[in-house]
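One-letter residues, chain by chain:
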Amino acid sequence: MMLTEQLSRYAIHIDGSGHPIAEVGGKGAGLDWLVGHGYPVPRAIVITTAAYNESVAERSLRALITSLRESALPQADRIEAETTAIERAFVEAPIPGPVSLAVVEVGGDLLRQGPVAVRSSATAEDLAGASFAGQHLTVTNVADVNQLELAIRRCWASLWMPAARAYRQRQGVTDKDVAMAVVVQRMVEPVWSGVTFTRDPQGRNHLMRIEAVEGLGEDLVSGRVTPADYLVRRDTLEVVQAQDQERLGFLEDLARLCLRIERSGHSAQDIEWAYVDSGLTVLQSRPITDPAPANLDDGLDTSTPAAVTFTPHGVVEMLPDVVPPLLWTINAPMLENAFRATFANLGGATPSNDRMIVNRFRGRVALDLSAICDIARSMPGGTPAEVERQYLGETIGEAPEEPTRSRGHVFAAMRIRRAHNSISDEVDLIAAASPALARMQLDLTELPVRLLVAYRQRIRDLAWRGYAAEVGASSAAGAAYRALEILLERWLPEAEAASWAQILTRGALQHSAVGSARARVLEEVLDSHPSSDIADIVQEPGVVTRTLLGALGAEGEAFLADVDNAVRSMGSKAVYGGPAWIEDDWWIWQQLRMMSRGETRPLPTDLSWAEHFERLSGQLSSEKRWRRTRLLTGQVVDLRLRWLRRQVEETVRFLSLRERAKNALLVLGGEERRILLESANRLVSSRDFTQPDLVNYLTDAELEEMLFGGVGVDSKHLEVRRAIASEAAAADPLPDWFVGHPDTVPHPQILQSDRLEGWAASPGSVTGTVRIVSSLADGVRLEPGDIMVAYATDPSWTPLFLVAGAIVLEVGGPLCHAAIVAREFGLPAVLNVRQASRRLVDGETVTIDGSLGVVERLGQGGSA
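Calculation criteria
Residues numbered from 1 in each chain as written. Predicted model: local features only at pLDDT ≥ 70, side-chain atom pairs only at ≥ 80, totals over all residues. Heavy atoms only, no water. Patch = residues over 30% accessible without salt bridge, like charges linked within 9 Å, V, L, I, M, F, W, Y side chains within 5 Å. Areas by Shrake-Rupley, 256 points an atom, 1.4 Å probe, with all protein chains shown as cover. Salt bridge = Lys/Arg side-chain N within 4 Å of Asp/Glu carboxyl O. Lys, Arg positive; Asp, Glu negative; His and termini not counted. Charge placed at Lys NZ, Arg CZ, Asp CG, Glu CD. Helix = DSSP H or I, 4+ residues; strand = E, 2+ residues; numbered from the N terminus. Expected span 1.5 Å × (residues − 1). Buried < 20%, exposed > 50% of the residue type's maximum accessible area, 1.4 Å probe, protein only. Polar contact = N/O pair within 3.5 Å; in protein donor to acceptor, adjacent residues only side chain to side chain. Contact = heavy atoms within 4.5 Å. Phe/Tyr/Trp six-rings, centres within 6.5 Å; stacked < 30°, edge-to-face > 60°. Lys NZ or Arg CZ within 6 Å of the ring centre and 35° of its normal. Core = buried A, V, L, I, M, F, W, Y, C linked by side-chain atoms within 4.5 Å. Pairing = 2+ DSSP bridges. Axes fitted to C-alpha atoms, helices over the stretch in contact; angles between N-to-C directions.

**Student:** Residue-level account of a positive patch on the surface, with values.
**Tutor:** Where like charges cluster on the molecular surface, the positive patch consists of Lys624, Arg625, Arg627 and Arg628. Tracing the backbone through its elements, the reader meets Arg627 in helix H23 (residues 624-633).

**Student:** Which residues make up helix H7 (residues 145-158), and what values do they have?
**Tutor:** If you check H7, its first and last C-alpha atoms are 20 Å apart, about what 14 residues at 1.5 Å a residue would give, namely 20 Å. All of the buried residues in H7 are Leu148, Ala151, Ile152, Arg153, Cys155, Trp156, Ala157 and Ser158. You can read the cap of H7 off the contacts: a side-chain oxygen lies 3.1 Å from the backbone nitrogen of Asn146, and it is on Asp144.

**Student:** Describe the side chain of Arg771, with residues and values.
**Tutor:** By secondary structure assignment, the location of Arg771 is in strand E18 (residues 765-772). Within polar-contact distance, the side chain of Arg771 engages the side chain of Asp786 at 3.3 Å. Ignoring sequence-local partners within four residues, the contact set of Arg771 consists of Arg781, Leu782, Asp786, Ile787, Met788, Val789, Asp842 and Gly843.

**Student:** So, a negative patch on the surface: which residues are in play, and what are the values?
**Tutor:** On the surface, Asp533, Asp536, Glu540 and Glu555 cluster together into a negatively charged patch. On the secondary structure map, Glu555 appears in helix H20 (residues 554-568). You can call Glu555 partly exposed: its relative accessible area is 35%.

**Student:** Pulling in residues and values, what's your account of the packing of aromatic side chains?
**Tutor:** By the definition in use, this model includes ten aromatic pairs. Judged by centre distance (5.2 Å) and plane angle (90°), the rings of Phe361 and Phe738 are edge-to-face. In this pair, Phe361 is assigned in strand E13 (residues 358-361) and Phe738 in strand E15 (residues 738-739), connecting sequence segments 377 residues apart. Like Phe361, the residue Phe738 is buried in the burial classification. With a centroid separation of 6.2 Å and an interplanar angle of 65°, the aromatic rings of Phe559 and Trp589 are classed as edge-to-face. Of this pair, Phe559 sits in helix H20 while Trp589 is found in helix H21 (residues 586-597), placing the two residues 30 residues apart along the sequence. Residue classification places Trp589 among the buried residues on the basis of a relative accessible area of 7%. Taken together, Phe250, Trp273 and Tyr275 form an aromatic cluster joined through their ring pairs. For Lys573, the ring lying beneath its charged end belongs to Trp581, and the centroid distance is 5.1 Å. The ring of Phe654 has Arg653 lying over it, and the distance from NZ or CZ to the ring centre is 4.7 Å.

**Student:** Explain the nonpolar core residue by residue, including any values.
**Tutor:** With 89 residues, the main nonpolar core has Leu335, Tyr467, Leu488, Tyr576, Leu644 and Leu698 as its most contacted residues. Ranked by the residues each element gives to this core, the list is headed by helix H15 (residues 449-489), at 16 residues. Apart from residues no more than four positions distant in its own chain, Leu698 is found in contact with Pro325, Leu326, Leu683, Phe689, Leu703, Met706, Val713, Leu718 and Arg721. In terms of nonpolar packing, the next biggest core, distinct from the first, is built from 44 residues, Val538, Leu592, Phe801 and Ala804 among them.

**Student:** Hey, could you go over the sheet that holds strand E14 (residues 364-368) for me, with residue numbers and the actual values?
**Tutor:** Ordered in space as E13-E14-E12-E15, the four strands form an open sheet in which the pairing is antiparallel. Of all the strands in the sheet, the pair left with one neighbour each is E13 and E15. Sheet topology note: the strand E12 (residues 309-311)/E15 ladder contains two bridges and is antiparallel. Its bridge partner being in E15, Thr309 is matched across the sheet by Val739. Sheet strands in contact with helix H12 (residues 369-377) are E12 and E14, and its direction is about 30° off that of E14.

**Student:** Tell me about a nonpolar patch on the surface, and please be specific about residues and values.
**Tutor:** Taken together, Val636, Val637 and Leu639 make up a surface patch of nonpolar side chains, about 300 Å² in accessible area. Summarising the element assignment, Leu639 is placed in helix H24 (residues 639-685). Looking at Leu639, the relative accessible area reads 52%, which means it is exposed.

Honestly, it's all geometry; don't read function into it.
This is the structure in structure tokens:
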């Protein structure tokens, strides 16, 4: 039908003529673009933003919207009531006569051809930086004009629902001038429908991902059903992953169509489609939302000059994942001080105080590699190239520099020796003090705020020393380990020397609660309660374990007390002041369950390196070159073996000191965590905010100020910080290294090879099933013997090492915590494998050679 000029202000046909977003909203403009490029799209009209704007100008709706703009988001228990009230207001408010006439005339004409789908199309929707997917309303199978007008009103209302407002707030989209158009589109009766991402959202840019369901796709888009999932190569259109799902005959045609749409739009697309009897049809297409938007800065990230190089390597185990404001402002100063003190003790020239060694981008931590290279350059014998090899496994600069040589070498050696000797004393101090403090278990609820803060400061003083001891011991261990490798390379091939260095340093964790000792404590608790009743309860999965054990009476209560004491002594899981094992002990009970069932690998018992050293001594002494040198130098006692033994002892000593310091720091962190939780509860009681977990999004200074009644931080602002942290956690990890800001680094192409190489971190070879693990919680998917593939681990992942058959990580070197634990447990490990979690596919079969640092892909079935 022909539209009059008045009706066309409120309702227009999608005809490919280039209608702007301001008139038809994001979804409407996207459909108009598809039609204009000749793609198959069901017939549609749009109820314009002008219709919305004139309808909400009505007094009651205008007042409602003003109120919502000026109000904070509702608390969780008020969301449903507010949602109902908003929808009722829009449904009951009158709308202008011309708008109603346009709906009846234009919408009625489309309805005469069959049922329609009514979809929201906000002016801030389907954009490259904010898709608003699932935030606004869609109504399907609308059959008459009355239902159509009701559906349009509800779509208008969805613009102001709490979820949509929260999403706008997280994305930094202002409510000012936001408006809602509504797309009315002919329903199709699909055999299959779904969504195609023309570039896999997991970062494998050579693949596209297709998700499909039988029938209508609304349940897929809303997340109510699990789709069939296919990965298709972009270059050959070959389906490379379909698991046991039905191979759909139209997948190649669909992939080809979607690539055409991507090329037309000049960017990767998120495309909703349907396959009907007559073929493929496109329901909408929008640019794929950037996984790391520019607004992931909560105000605490680093602002840096463009020429500075950064890397997360060397620090990601200490402060893993996204570090929220509170933990960042507590830990960063201590870690910064630790690095500066260590470098100063070694004779390095540290940077000025306005340039930080420890930095933060997108909530994640990175070291100033340029500054560390400058420090190395200032030290006798130091070179930037060696620093880059240590942190990155490669040299990224230009031609390697020669080590600096001066008469200060002797004095530098003396200074280093003094610094190393002091480390042992510091570790002994905090290793003795931390468990004693944890056992005290002061009743924090009884302390007035002044004493609570004072107690926290005493804990923090020890933590400063703990960080300095850990970083100092780590530096000393690194130097000693490298000296051991170099010494072994004088008599052995490089690869064999590296393997012997790993073997000889096993057992560095045997007295540390972040190694097998932690698991052994739990094993001892089980052994000390041999009751079959306790074993039966522990072995059965379920959330009522504590209740059932308590019902056993004194026997069960004693077992629970021993478990709790053991868990409390572990302190924080991974980060000083971070969540403690006692708060969330699910993995503790899972570990007890697996131990009781015999599903974990046996814990190592003899971790002494002496036997291995004797074997190496015999091998070396039997070689002709070795014996000839001894005869020529007249050595009655083989001084080389004494030298080698001394170097092994020193390396194991400093590795043990590092792990003892790390353990003490986490135990202290558990006590700090108790103080933080008590502080949060007090702020909730005084109505400073309503949810205790919001304390994580305060800074350390803000928390102390609020505890003493100072100016608080608005809950709404804390919610924004929490939203930013959530978005940052969903984004990719930081690049291996970057100059300036990580957002300037192009998204890397996924490397294609059946052979992946990295650092040989723990010897041995094993074939198994790949299990890509993104977090400790995700580790529940591990089956005994699986090859655990991850970006990185931290001390909290130790329970997973009891189940896995081998370890493959994207970051880490021979001396990282994961490598030490793997060697202690006898697990083959290959670390620093670029893009491992993206190049390998969950469920495929691989062979790991931890002696050579190689991962060989064998395919889904295990055959080459």
